[in-house]
Amino acid sequence: MPDNAGPSNCSGGNGGPPFAPFQGPLRWPDVEAIARSGAVERFSRMPDVATDYARATARIRAEYASVADYLRATVFAFPAAPEAGGANGTRLVAAPTGTPALVPNDFPYAFEPDENILHYVLWFLEDQTLTLQQARDLACAAFPGHDVI
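Owing to the predicted nature of the structure, the values given are computational and were not obtained by experimental measurement.

## Notes on the nonpolar core
Then comes step 1: Residues F19, L26, W28, V31, I34, V40, F43, Y109, F111 and I117 constitute the largest nonpolar core, which totals 10 residues.
Then comes step 2: Ranked by size, the runner-up nonpolar core spans five residues in total, among them I60, Y64, L71 and A73.

## Concerning helix α4 (residues 132–142)
Two residues of an α-helix separated by three or four positions point the same way, owing to the 3.6 residues in each turn.
Then comes step 1: Within the span of α4, buried status applies to A135, R136, A139 and C140. Buried residues of α4 fall within an arc of 135 degrees about the axis and therefore sit on the same side.
Then comes step 2: On its buried side, α4 packs onto β3 (101–104) and β4 (120–123).

## A closer look at the environment of A81
Then comes step 1: In this fold, A81 is placed in strand β1 (residues 80–82).
Then comes step 2: In sequence terms A81 and Y64 are 17 residues apart; their C-alpha atoms lie 9.6 Å from each other.

## A closer look at the environment of P104
Then comes step 1: Checked against the element boundaries, P104 lands in strand β3.
Then comes step 2: Taking the C-alpha atoms as reference points, P104 and V121, separated by 17 residues in sequence, lie 6.1 Å from one another.
Then comes step 3: Once you skip the residues sitting within four places of it in the chain, P104 turns out to touch H119 and Y120.

## Structural notes on the pattern of salt bridges
Then comes step 1: Considering all chains together, one arrives at six salt bridges under this definition.
Then comes step 2: Across the salt bridge formed by R27 and E112, the nearest N and O atoms sit 3.9 Å from each other. Within this pair, whereas R27 is found in the segment before α1 (28–37), its partner E112 is found in the loop between β3 and β4, the two being separated by 85 residues in sequence.
Then comes step 3: Among the residues examined, R27 registers a relative accessible area of 35% and is labelled partly exposed.

## Overview of the confidence of the model for the protein
Then comes step 1: Confidence in the prediction of the protein, expressed as mean pLDDT, is 78, and 77% of residues score 70 or more.
Then comes step 2: When pLDDT is averaged over each element of the protein, α1 comes out on top at 92 and strand β2 (residues 90–92) at the bottom at 62.
Then comes step 3: For residues 1–17, every residue scores under 50 in pLDDT, and the model assigns this stretch 40 contacts once sequence neighbours within four places are set aside.

## Notes on the packing of aromatic side chains
Then comes step 1: Scanning all chains against the criterion turns up six aromatic pairs.
Then comes step 2: Ring plane angle 90 degrees and centroid distance 6.1 Å describe the contact between F43 and F111, whose orientation is recorded as edge-to-face. A residue pair is termed long-range when its members are at least 10 positions apart, and F43 in the loop between α1 and α2 (47–63) and F111 in the loop between β3 and β4 qualify at 68 residues.
Then comes step 3: In this structure F43 comes out as buried when scored by relative accessible area, which is 6%.
Then comes step 4: Overall, F111 belongs to the buried group, its relative accessible area being 13%.

## Observations concerning α2
Then comes step 1: Its 17 residues give α2 an end-to-end C-alpha distance of 24 Å, which sits within 8% of 24 Å, the value for a rise of 1.5 Å per residue.
Then comes step 2: Within α2, burial applies to V49, A56, T57 and I60. On an axial view of α2, the arc spanned by its buried residues comes to 105 degrees, and they lie on one face. Among the exposed residues of α2, those oriented more than 90 degrees off its buried face are D48, R55, R61 and A62.
Then comes step 3: If you follow the buried residues of α2, they end up packed against α3 (67–74).

Parameters at a glance
Residues numbered from 1 in each chain as written. Predicted model: local features only at pLDDT ≥ 70, side-chain atom pairs only at ≥ 80, totals over all residues. Heavy atoms only, no water. Core = buried A, V, L, I, M, F, W, Y, C linked by side-chain atoms within 4.5 Å. Buried < 20%, exposed > 50% of the residue type's maximum accessible area, 1.4 Å probe, protein only. Helix = DSSP H or I, 4+ residues; strand = E, 2+ residues; numbered from the N terminus. Arc of directions from axis to C-beta. Contact = heavy atoms within 4.5 Å. Salt bridge = Lys/Arg side-chain N within 4 Å of Asp/Glu carboxyl O. pLDDT = per-residue confidence, 0-100. Phe/Tyr/Trp six-rings, centres within 6.5 Å; stacked < 30°, edge-to-face > 60°. Expected span 1.5 Å × (residues − 1).

See the structure below:
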C-alpha cells in the first residue's frame, strides 16, 4: 500500500507455491490487479528473498512438527515444547485463544521500492471465522487512509 495513495478503498486464494518466476518488481496497479483477480501465484519474491524464504521454510520444517505449530508459537506466542520422544520438532503444548495478528511479511513479494508498497500478512487461528470485510476492516484500522487489498 503506497504512502501516497489516493482515496482509501477501506469503505466497504490460494497463496501456496509455486509462484511465478522472478521478472522484476511489481508496481501498485499490477499488485492491485493480481490481488483482486485472486491469481496470487503471479507474485514472486526478489531472488535473495526467495533464497531466504526457502532456507527459513526448511529450518521451520526441521524444528517444528508443522508450519502451523511454528506460526502458533511465534505469531500467537502459544507455549511449545520439544515433542516427547519424537524427532519431529517442537509441538504445540497448549492452545490458548488469540486475536488476529497483522504483521509484516518476513519474505515479502517483489514490489517497486519507489512505490512504498507494504506487504503484511493477517494471521488468525483455524477456529476463528473472519470474513473478507472483517479482514479489510482490520487492515484499514491499522493503515487508515491507505489502499488495502
